[in-house]
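Now for the letters of each chain:
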Amino acid sequence: MTQLRLIAFTCGLFQSTKSFFVSGDGDEIIRSPIPAYLIDHPKGMALFDTGLNLRFRREAGQEIRPDEQGFIIDESMEVGARLKAIG
């Protein structure tokens, strides 16, 4: 039997009002993760990256306002940093 290992990373967040995600009214702010997956297969590894382009990266400590719509990603959330953290 072939053994697969799936490692999931959160490589940023998208923040918006609830009405952006579901139809109807709603000004409640919610955050949605931006995932990436490392698939470890006996024949090799594959990276499934649904992450963000670096143009969306913010400097460390540069926070998004609580009522602002946008992406939350800094260098610690980049897929390269996540892969380095697991070796």
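Relevant structure appears above.
Below is a summary of the structure that appears in this document. (Residues numbered from 1 in each chain as written. Predicted model: local features only at pLDDT ≥ 70, side-chain atom pairs only at ≥ 80, totals over all residues. Heavy atoms only, no water.)

1. A word on a nonpolar patch on the surface
So, step 1. Where nonpolar side chains cluster on the molecular surface, the patch consists of Leu4, Leu6, Ile39 and Phe48 and spans about 400 Å² of accessible area.
So, step 2. Note that Leu6 resides in strand 1 (residues 5-17).
So, step 3. When its relative accessible area of 57% is taken as the criterion, Leu6 is described as exposed. (Patch = residues over 30% accessible without salt bridge, like charges linked within 9 Å, V, L, I, M, F, W, Y side chains within 5 Å. Areas by Shrake-Rupley, 256 points an atom, 1.4 Å probe, with all protein chains shown as cover. Salt bridge = Lys/Arg side-chain N within 4 Å of Asp/Glu carboxyl O. Helix = DSSP H or I, 4+ residues; strand = E, 2+ residues; numbered from the N terminus. Buried < 20%, exposed > 50% of the residue type's maximum accessible area, 1.4 Å probe, protein only.)

2. Section: the nonpolar core
So, step 1. Among the nonpolar cores identified, the biggest contains 6 residues, and these are Ile7, Phe9, Cys11, Ala36, Leu38 and Val79.
So, step 2. Counting residues per element, the ones that place at least two in this core are strand 1 and strand 2 (29-41).
So, step 3. Examining the composition of this core, we find that 3 residues originate from one element, strand 1, more than from any other.
So, step 4. Beyond its immediate sequence surroundings of up to four residues, Leu38 is in contact with Arg5, Leu6, Ile7, Phe9, Met45, Ala46, Leu47, Leu83 and Ile86. (Core = buried A, V, L, I, M, F, W, Y, C linked by side-chain atoms within 4.5 Å. Contact = heavy atoms within 4.5 Å.)

3. Focus on the sheet that holds strand 3 (residues 44-49)
So, step 1. Read across the sheet, 4 strands follow the order 3-2-1-4 without closing on themselves; strand pairing throughout is antiparallel. Looking at strand neighbours, the two that pair on one side only are strand 3 and strand 4 (70-72), the edges of this open sheet. For this sheet, the mean inter-axis angle between neighbouring strands, taken without regard to orientation, is 25 degrees.
So, step 2. Across 3 bridges, the pairing between strand 1 and strand 4 is antiparallel. Across the sheet, residue Phe14 finds its bridge partner in strand 4, namely Phe71.
So, step 3. Across the sheet, helix 2 (residues 79-86) lies against strand 1, strand 2 and strand 3, angled at about 145 degrees from strand 1, the strand it touches most. (Pairing = 2+ DSSP bridges. Axes fitted to C-alpha atoms, helices over the stretch in contact; angles between N-to-C directions.)

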